[in-house]
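In case you want the letters, here they are:
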Amino acid sequence: MGRTVKIGTRGSKLALYQANLTKSKLENHFPELDFKLEIIHTKGDKILDVALSKIGDKGLFTKEIETALLGGRIDIAVHSMKDLPTLFPEGLKLTAVLERGEPREALVSTGNRKLSQLTENDIIATSSVRRRAQLLKINPHFQIVDIRGNVDTRIKKWKSGYCTAMIMAAAGLQRMGLEENISELMNPQQMMPAPAQGIIAIESRENDLFIDELLRQINHKETWIRGRAEYTFLETIQGGCQVPIACYSEINDGLLTISGMVLSPNGKQYLSDNVQCAVLEAEAVETARKLGTSFLKRGALQIIAALER
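Predicted model, so just to flag it, every value in this text is computed and none were measured. Every chain is numbered on its own, with residues counted from 1 as its sequence reads. Where local features are concerned, this predicted model is filtered to residues with pLDDT of at least 70; where side-chain atom pairs are given and counted, the filter is 80 or more; whole-chain, interface and lining totals use all residues. Note that the side-chain values use all heavy atoms of the structure and ignore hydrogens as well as water.

Draft legend 1. Representation of helix H10 (residues 281–297) within the structure. Across its 17 residues, H10 extends 24 Å between first and last C-alpha, which sits within 8% of the 24 Å expected from 1.5 Å per residue. Categorising residues by exposure relies on relative accessible area from a 1.4 Å probe, with only protein chains included: less than 20% of the type maximum marks a residue as buried, more than 50% marks it as exposed, and the intermediate range marks it as partly exposed. The helix and strand labels rest on DSSP assignments: H or I over at least four residues marks a helix, E over at least two residues marks a strand, and numbering proceeds from the N terminus. For H10, every residue scored as buried is listed here: Ala284, Val285, Thr287, Ala288, Leu291, Gly292 and Phe295. Just downstream of H10 lies Gly299, where phi reads positive at about 110 degrees. To estimate the expected span of a helix, subtract one from its residue number and multiply by 1.5 Å.

Printed below as a string of structure tokens:
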């Protein structure tokens, strides 16, 4: 019997799907080892009746798991990368990512309508300040309500008449086998996603060379570069889940294009721009940092300060 490696995860169906996918990839590379899941409940899983932006920042879905990782209860932690804070607790690091899933936003609507067909008579559900701001940028008369809960719960609320439309991460719906509910996959020009949306991230302790070697085998290089770029932009702007900030990158013809957006909560004020660079980690990080710095020079902090007031 080889060494046992414990994988920490939240207990939702989506989180377990992501943890089991990670486990499967590790087992394919290291059949001599024993990989086991350890379910850990986070604050974000327990508070389901309040919008995320009102109860804290991204650590809502990671803090308890990271505490278990630092304490040695688990050896690695699997997260949706977009839930991770930009700064890791001392002693922990982002070590690997799996190949990116669908990064785009999905519209779920009654009558299978597209975003362009929604009117101010629709009730559109989302708890994301980023999605809300972009919806109001498109139509300031949209009626928007909060919605919390896992993917299954949100679908049930929609079907029961709580709302006539929802904006959700397409990757979550696809990973749960619920893609038949998608009315439209919105391109990033319509609705720019959260930084690193669709990326499964794997966190571990610093200086754990054994785990580093395991995770190196399953790290997807292209996704790693894109995720690092998008999170560098987020870190430069210093935005969390209370700030309407979006970022998306794509690779075409050997170039990485990084697009970013910062909005006021009502969508009336916004900054958007994009830059290109070679598909190299160091260059992607530096280019994303320059993009974020340019946003700050153009007034992003004023937009964020108005939000905080």
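Draft legend 2. The arrangement of the nonpolar core in detail. Of all hydrophobic cores here, the largest spans 29 residues; its most connected members are Met81, Phe233, Ile237 and Phe295. Of all the elements, helix H9 (residues 221–237) adds the most residues to this core, at seven residues. Excluding residues that lie within four positions of it along the chain, Phe295 makes contacts with Phe233, Ile237, Gly260, Met261, Val262, Leu271, Ser272, Asp273 and Ala300. Residues Leu33, Phe35, Ala96 and Ile211 belong to the second largest nonpolar core, which totals 17 residues. Side-chain atoms within 4.5 Å link the members of a nonpolar core, which is a set of buried Ala, Val, Leu, Ile, Met, Phe, Trp, Tyr and Cys residues. By definition, residues are in contact when any of their heavy atoms lie within 4.5 Å.

Draft legend 3. Up close: the pairing of strand E3 (residues 76–80). Taken across its five residues, E3 has five buried, putting it largely inside the fold. The alternating pattern of E3 places Ile76, Val78 and Ser80 on one face and Ala77 and His79 on the opposite face, and all of these are buried. Only when DSSP finds a minimum of two bridges between them are two strands counted as paired. Across two bridges, the pairing between strand E1 (residues 4–9) and E3 is parallel. Residue pairing across strands places Gly8 opposite Ala77, the latter belonging to E3. Across five bridges, E3 lies against strand E10 (residues 200–205) in antiparallel orientation. Among the inter-strand pairings, Ser80 is bridged to a residue of E10, identified as Ile200.

In short, geometric facts, not functional conclusions.
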